[in-house]
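Structure at a glance
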Amino acid sequence: MSLFGEFHIPAEAFALHETLRSERDLVIEIERVVAADDVLTPYLWVSGVDHRMFERATADDPTIRDVEHIDDYERSMLYRGEWTGNVDSLVYAYTELGATILEASAQYDEWELRMRFADRNSLDEFQTYCSDFEIPYRLTQLFARAHPRGVGQYELTEKQHDALLTAWETGYFSSPSVSLTDVAEELEITPQSLSERLHRGYEALIGNTLAVTPPGQEAAPTESRLERPGT
């Protein structure tokens, strides 16, 4: 049975520590990591800063190189790069031990990772690996279930699902007395991070529940929904 774990890891023990520390409002989310020829290429969603600030910071960061701007999407920017040999062993652990990083996000000095392990033995091996290499981590949740109903169906990430549901439960969409800050405090994240999750969640829901053609474009005969960047 697969196990799902949520970990908090100091930024200096993972990646992009110097970039993150350069600006407190900077939020980085790893969309996916592509492995080829023993090189891990991360795709990064960046928000809270402008292009120049992020590119200047990564140019001096020893954990990443060949950073390339791919696209802009509402309030965020998509980049890809290449991890260097200076990135701690944790970045490679999931490929070596059969685990998968499903989600990863960071702000200022900490990364939050959501990982899937094939079984309990795989999780134990991962924890032993971290101990042997003195990689600090804090396991905050461990559960044996997949994404909640609706997450996969509408292509929402679990964080987007939780943000939308919490906003609805607190009355954010129906009561002017509930602010974005109120919902962010409930989720224990920053208003900037919450705003980004809500906007991407809206896009995922619209793109997967309504037949939408972007303004100024004609729908192709074989297409019935809006193509969009990964969420």
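See above for the structure.
In short, a report on the structure.

1. Focus: the packing of aromatic side chains
Within this structure, the stated rule accounts for 10 aromatic pairs. Their ring planes at 50° and their centres at 5.6 Å tell us that Trp45 and Tyr73 sit as a pair that is tilted. Note that Trp45 is positioned in strand β3 (residues 39–47) and Tyr73 in strand β4 (residues 64–73), a separation of 28 residues in sequence. For the pair formed by Trp45 and Tyr73, the shared burial category is buried. Centre to centre, the rings of Phe54 and Tyr79 are 4.7 Å apart; their planes meet at 50°, and the pair counts as tilted. Residue Phe54 is located in helix α2 (residues 51–59), and its partner Tyr79 is located in strand β5 (residues 76–83); the two are separated by 25 residues in the primary sequence.

2. Overview of the layout of surface pockets
Of the pockets and cavities examined, the largest pocket occupies roughly 870 Å³. Glu112, Leu187, Glu188, Ile189 and Arg197 are the residues nearest the centre of the largest pocket, which is lined by 32 residues in total. Only β1 (3–10), β2 (27–36), β6 (100–107), β7 (110–117), β8 (138–143), α5 (158–169), α6 (180–187) and α7 (191–209) provide two or more residues apiece to the lining of the largest pocket. Tallying contributions element by element places α5 first for the lining of the largest pocket, with five residues. In the lining of the largest pocket, the residues fall into eight nonpolar, eight polar and 16 charged.

Rules of the game
Residues numbered from 1 in each chain as written. Predicted model: local features only at pLDDT ≥ 70, side-chain atom pairs only at ≥ 80, totals over all residues. Heavy atoms only, no water. Phe/Tyr/Trp six-rings, centres within 6.5 Å; stacked < 30°, edge-to-face > 60°. Helix = DSSP H or I, 4+ residues; strand = E, 2+ residues; numbered from the N terminus. Buried < 20%, exposed > 50% of the residue type's maximum accessible area, 1.4 Å probe, protein only. 1 Å grid on protein atoms, 1.4 Å probe; cavity = no way out; pocket = protein on both sides within 12 Å on 5 of 7 lines; lining within 4 Å. Points joined across faces, edges and corners; volume = space filled by probe spheres on them. Nonpolar A, V, L, I, M, F, W, Y, C, P; charged D, E, K, R; others polar.

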